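Breakdown of the fold
The lines below spell out each chain.
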Amino acid sequence: MPGVTADPGLRAPLSVRPHPVAAPESQALLRRYYTELVSRYHGRPTDDAEVSAVLAEEPSDDLTRPTGEFTVARLDGIPVGCAGVRAVSGATVELTRVYVAPEARRRGVASVLVAAAEELAREAFGASRMRLDTRRDLVEARALYARLGYQEVAAFNRSPYADHWFEKPLSRT
């Protein structure tokens, strides 16, 4: 994947590129991702020990080739978001771990992350379909996916944290 760059309307350059999921920057983004998810899910602040337990329960180490890939978004060189692509079966991949730091939100970063994940899914995994699951309280995520052409579908997993399942055909560009 050559890296995806955001539209020129952003004040700072934005890029999304594959990055090792085990790297410190990736782990820091995943920790921020889960800190927010856990807090929103329980409706209360979380602590480092609870987030560490969730990171262990929901590992991301498969987001490396050949089973997946992890990407990091950088705004003016600073890591501000991430997304993962996980090979599921045949031509289907899963979009996971989509996160944008609060200080970078409402600037188009999430849309660029998803577009980069779709490109990666097509090019690196030969995917023709991307799917994802999300929760009812993540209304911003559900709105983003709908805006980007994802359609709600029947449940395709038994995740205790999923309330909504989406899918999108990936056209060849």
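Parameters at a glance
- Residues numbered from 1 in each chain as written.
- Predicted model: local features only at pLDDT ≥ 70, side-chain atom pairs only at ≥ 80, totals over all residues.
- Heavy atoms only, no water.
- Axes fitted to C-alpha atoms, helices over the stretch in contact; angles between N-to-C directions.
- Helix = DSSP H or I, 4+ residues; strand = E, 2+ residues; numbered from the N terminus.
- Parallel < 35°, antiparallel > 145°, perpendicular 65-115°, else oblique.
- Left-handed = near helix turned anticlockwise from the far one by under 90°.
- Contact = heavy atoms within 4.5 Å.
- Phe/Tyr/Trp six-rings, centres within 6.5 Å; stacked < 30°, edge-to-face > 60°.
- Buried < 20%, exposed > 50% of the residue type's maximum accessible area, 1.4 Å probe, protein only.
- Lys NZ or Arg CZ within 6 Å of the ring centre and 35° of its normal.

**So, the packing of helix α3 (residues 109-125) against helix α4 (residues 139-147)**
As a packed pair, α3 and α4 sit with axes 11 Å apart at the nearest point and diverge in direction by 55 degrees. The pairing of α3 with α4 is recorded here as oblique in orientation. When you trace α3 past α4, the crossing you get is right-handed. When α3 is examined against α4, the residues Ala110, Ser111 and Val114 are found in contact with a partner set consisting of Leu144, Tyr145 and Arg147.

**Thoughts on the packing of aromatic side chains**
One pass over the full model with this rule turns up five aromatic pairs. A ring pair is formed by Tyr145 and Tyr150, whose centres lie 5.9 Å apart and whose planes are at 65 degrees; its orientation type is edge-to-face. Overall, the relative accessible area of 7% leaves Tyr145 in the buried class. Overall, the relative accessible area of 2% leaves Tyr150 in the buried class. One aromatic cluster is present, formed by Tyr33, Tyr34 and Tyr99 through successive ring pairs. The ring of Phe125 has Arg65 sitting right over it, with the charged end atom 5.6 Å from the ring centre.

Geometric values such as these leave the question of function open.
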